[in-house]
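Below are the chains, spelled out letter by letter.
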Amino acid sequence: MHRILTYAILALTLCLSSCTKHNVTGVSDNDTKEYKLYDYYEDAYGNKGIVGYIHDEEDEDGDLLRYTIVLSLDETVTTWGPMGTTVFDVNSNFNEHYQDNLFFGLDMNQRVWNLGAERFPAFDWCFKKNGNEAAIHSSSWILPTYAELGWIFSYGAGQNLEKFNSHIAQYGGTCIDTEISLENCYWSCVEDLDGVLVFESEETQNESDYDPSRRAIPMTINSRFYIDKLLWHKNKEYRVRAIKYIYFASSPD
């Protein structure tokens, strides 16, 4: 058995560019219904999902941050994308915490779209849920980051997998396999970027190299990662589920 590590998902502190100042702005893809965890969702194209995570936070200054994420009821098994192609080119100003906030997943998916989604099977499967839309936007179906997967499985509906799966089955979807194994990992959209994951073992961390052109990060449903980076190769097949932000609201200072 390969060793696995636990990565602490960082708290979200940033908001999307659609925020407004001094008041609350809400964005919904099709209606203003107030969804609850485990609720059924269906979009205008007939894609079906389940509410997997709801963030509702008010800080000590009264500023609000609210958003709702839907997880697709269906899934597939496929590769991430081509070996030898880097989607996110890191420069000297790269903030290693960027991949943990709301911007990064949309950014990565837009970059893949611009490179040609047909070359990236995991992304392409998610994008096909968006009909004939001309571009990937803030409420498109996308391949999630590992932070977004972590929010769903560690803090949202996935905290109670039995209940989660009972609702998925009720809605006619594919239940999530509860066995923690390599075969049951899900692809995230995050490549093997320097400084993104910090291993618990200092020795392992010191020996770790980074190769975003050949590797992306698969994650188990309990927010763990396999240390053997040969298992991160983009041409390996892992499970894929799409996510969709169906509501966002904020009132920052």
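Here we look at the nonpolar core
Formed by 63 residues in total, the largest nonpolar core has its most connected members in Tyr67, Trp80, Phe164 and Ile176. Here the element with the most residues in this core is helix H3 (residues 146-155); it accounts for six residues.

Side note on the pairing of strand S11 (residues 243-250)
The buried count for S11 comes to seven of eight residues, which makes it a mostly enclosed element. Pairing of strand S5 (residues 64-72) with S11, which is carried by seven bridges, proceeds in the antiparallel orientation. Looking across to S11, one finds that Tyr67 is bridged to Phe248.

Description of the environment of Leu182
Of note, Leu182 is situated in the loop between helix H4 (161-170) and strand S7 (186-191). Accessibility expressed as a relative area gives 21% for Leu182, which makes it partly exposed. Considering only alpha carbons, one finds Leu182 and Met219, 37 residues apart in sequence, at a separation of 8.8 Å. If sequence neighbours within four positions are ignored, Leu182 has contacts with Tyr226, Leu231 and Tyr238.

Considerations on unusual backbone geometry
Its identity is not glycine, yet Tyr38 carries a phi of approximately 80°, on the positive side. Take Tyr38: it is sitting in the loop between strand S2 (25-28) and strand S3 (40-42). Tyr38 gets classed as buried once you look at its relative accessible area, which sits at 9%. At Ser223, a position not held by glycine, the phi torsion is positive, near 60°. Within the element layout of this structure, Ser223 appears in the loop between strand S8 (216-219) and strand S9 (224-226).

A closer look at the pattern of salt bridges
On inspection of all chains with the given rule, the structure shows twelve salt bridges. Between Asp192 and Arg215 there is a salt bridge whose closest N-O contact spans 2.8 Å. Taken together, the residues Asp192 in the loop between S7 and helix H5 (202-207) and Arg215 in the loop between H5 and S8 connect sequence positions 23 residues apart. We note a salt bridge from Arg215 to Asp209, for which the minimum N-O separation is 3.2 Å. For Arg215, a relative accessible area of 10% translates into the label buried. One continuous salt-bridge network, built from bridges that share partners, spans Asp192, Asp209, Arg215 and Lys229.

Cut-offs used in this document
Residues numbered from 1 in each chain as written. Predicted model: local features only at pLDDT ≥ 70, side-chain atom pairs only at ≥ 80, totals over all residues. Heavy atoms only, no water. Core = buried A, V, L, I, M, F, W, Y, C linked by side-chain atoms within 4.5 Å. Buried < 20%, exposed > 50% of the residue type's maximum accessible area, 1.4 Å probe, protein only. Helix = DSSP H or I, 4+ residues; strand = E, 2+ residues; numbered from the N terminus. Pairing = 2+ DSSP bridges. Contact = heavy atoms within 4.5 Å. Salt bridge = Lys/Arg side-chain N within 4 Å of Asp/Glu carboxyl O.

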